[in-house]
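Each chain is listed here by its residues.
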Amino acid sequence: MSGQDHGDDGVSRRKVLECMTWAGTGVLWTVTGGVPRSLGIIDSAEAATAAAPGMSFLQISDSHVGFDKPANPNALGTLEEAVNKINAMPAKPSFMIHTGDITHLSKAAEFDNAERIISQTKLDVHYVPGEHDFIDEEVKLYRERYGRGTKGYGWYSFDAGGVHFIGLVNVVDLKAGGLGNLGAEQLAWLEDDLRGKSKSTPIVLFAHIPLWTVYPQWGWGTEDGGRALEYVKGFGSVTVLNGHIHQVMQKVEGNVTFHTARSTAFPQPAPGAAPSPGPMKVEDAKLRSMLGVASISFKQNEQRLAIIETPLQG
């Protein structure tokens with residue numbers, strides 16, 4: 001996202017916007033050899049059907065259960081709408097990934113409500129925490145629910161459909177407006193986890209805050225994310241899934257495709273389009289077109305990944 005036409009903030013807003021992929025009814029992406037190609041905006045049901053061959057999974061993010069401000073007075077309700085969309089899919093995904101900020105204030109009742117709604121999908125769900133899930137004083141509610149069998153503050157890996165998935169935690173001791181951080185312990189674990197893996201194995205990294213630098217002025221990036229990406233440099237197919245910024249952005253660097261997801265709770269402004277990030281109030285009729293879920297499909301032996309963004313409405 002480099003180039004001329006810099007604004008007062010030192011970043012080209014035009015270039016930032018060029019890097020963004022805003023999905024309408026649903027955008028089907030194919031990724032071959034690390035290079036994505038958009039097949040265009042298509043009906044979400046047709047997109048789901050197209051993605052059905054091979055292994056598919058869903059990404060959901062930033063449900064912020066407990067949020068009740070004007071940007072969305074009923075975040076639990078829109079999460080339920082997202083779950084209803086998932087349950088209506090013609091092809092059942094293999095599992096679901098939640099890329100953090102399950103709750104808004106890390107309260108036990110918020111975790112309970114989120115679990116009650118998300119469990120209605122009857123899917124296996126793999127979580128990583130957002131900073132809003134680590135607010136409780138002893139930082140234990142998330143770890144008690146989702147940290148069993150994980151390392152450190154909740155990082156782990158698993159294999160599914162020939163793909164190696166790695167859940168990372170970059171929200172520990174996060175300062176307001178500061179960049180995410182993985183830390184030496186987690187990076188050492190990641191290097192060890194990847195050791196011995198065939199370079200033809202597709203890799204999916206997922207974390208809350210983007211591992212690439214989206215907009216450092218707002219803390220939208222991970223200060224040691226580059227270290228993590230060095231470890232996957234030799235793999236032929238790498239996909240990085242994040243939440244946190246509540247909007248769809250995608251870019252490619254070499255063999256790595258980066259994709260951020262919408263929230264199911266509220267939108268945030270585009271980088272530099274407001275004085276600061278945070279819940280963005282839009283017209284009630286427009287809200288659901290800016291919330292949604294992502295469906296990702298992988299067909300073995302084709303190194304092919306398809307990402308379909310489905311808004312709650314529109």
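What comes next is a walk through the structure. (Residues numbered from 1 in each chain as written. Predicted model: local features only at pLDDT ≥ 70, side-chain atom pairs only at ≥ 80, totals over all residues. Heavy atoms only, no water.)

**Here's the deal with the overall build of the protein**
Put simply, the test is: Strands are runs of DSSP state E lasting at least two residues, helices are runs of H or I lasting at least four, and both sets are numbered from the N terminus onward. Categorising residues by exposure relies on relative accessible area from a 1.4 Å probe, with only protein chains included: less than 20% of the type maximum marks a residue as buried, more than 50% marks it as exposed, and the intermediate range marks it as partly exposed. Here a residue-residue contact requires only that any non-hydrogen atoms of the pair lie within 4.5 Å. Every accessible area reported is derived by Shrake-Rupley at a probe size of 1.4 Å, with residue values counting cover from the shown protein chains alone.
Summing up its helical and strand segments, the protein has eight helices and 13 strands in all. Relative to its full complement of 314 residues, the protein shows a buried share of 56%. Contacts spanning at least 24 positions in sequence make up 71% of the contacts within the protein whose residues lie at least 6 apart. Carbon and sulfur atoms form 50% of the exposed surface of the protein, whose accessible area is close to 13000 Å².

**Details of the nonpolar core**
Just so we agree on the cut-off: Side-chain atoms within 4.5 Å are what join buried Ala, Val, Leu, Ile, Met, Phe, Trp, Tyr and Cys residues into a set we call a nonpolar core.
Core analysis: the largest hydrophobic core is formed by 50 residues, its most contacted members being M96, I166, L168, I203, L205, V232 and V240. Apart from residues lying up to four places away in sequence, V232 is in contact with L194, I203, L205, V238 and N255. Core analysis: the second largest hydrophobic core is formed by 12 residues, V128, Y156, F158 and V204 among them.

**Description of helix α4 (residues 108-118)**
As a reminder, the rule being used: Think of it as the arc spanned by the lines of direction from the helix axis to the C-beta atoms.
The set of residues buried in α4 consists of E110, F111, A114, I117 and I118. Viewed along the axis of α4, the buried residues span an arc of 135°, placing them on a single side of the element. Of the surrounding elements, those touching the buried residues of α4 are α3 (75-87), β4 (95-98), β5 (125-127) and α5 (141-146).

**Some details on the environment of G77**
With respect to the element layout, G77 can be found in helix α3. Sequence separation of G77 and A265 is 188 residues, and the distance between their C-alpha atoms is 8.8 Å.

**Notes on the side chain of T103**
Here is the rule we go by: For the purposes of these results, a polar contact is taken to be a pair of N or O atoms within 3.5 Å, where, inside protein, one atom must be able to donate a hydrogen and its partner to accept one; residues adjacent in sequence count only when each atom of the pair is a side-chain atom.
Note that T103 resides in the loop between β4 and α4. For T103, a relative accessible area of 0% gives the class buried. Reaching out from T103, the side chain makes a polar contact with the backbone nitrogen of S106 at a distance of 3.1 Å. Polar contacts involving the side chain of T103 include one to the main-chain carbonyl oxygen of H132, which spans 3.4 Å. Discounting chain neighbours no more than four positions away, the residues touching T103 are H64, V65, E110, F111, H132 and D133.

**What about unusual backbone geometry?**
You will see that V139, though not glycine, has its phi angle at about 45°, which is positive. Considering the arrangement of structural elements, one finds V139 in the loop between β5 and α5.

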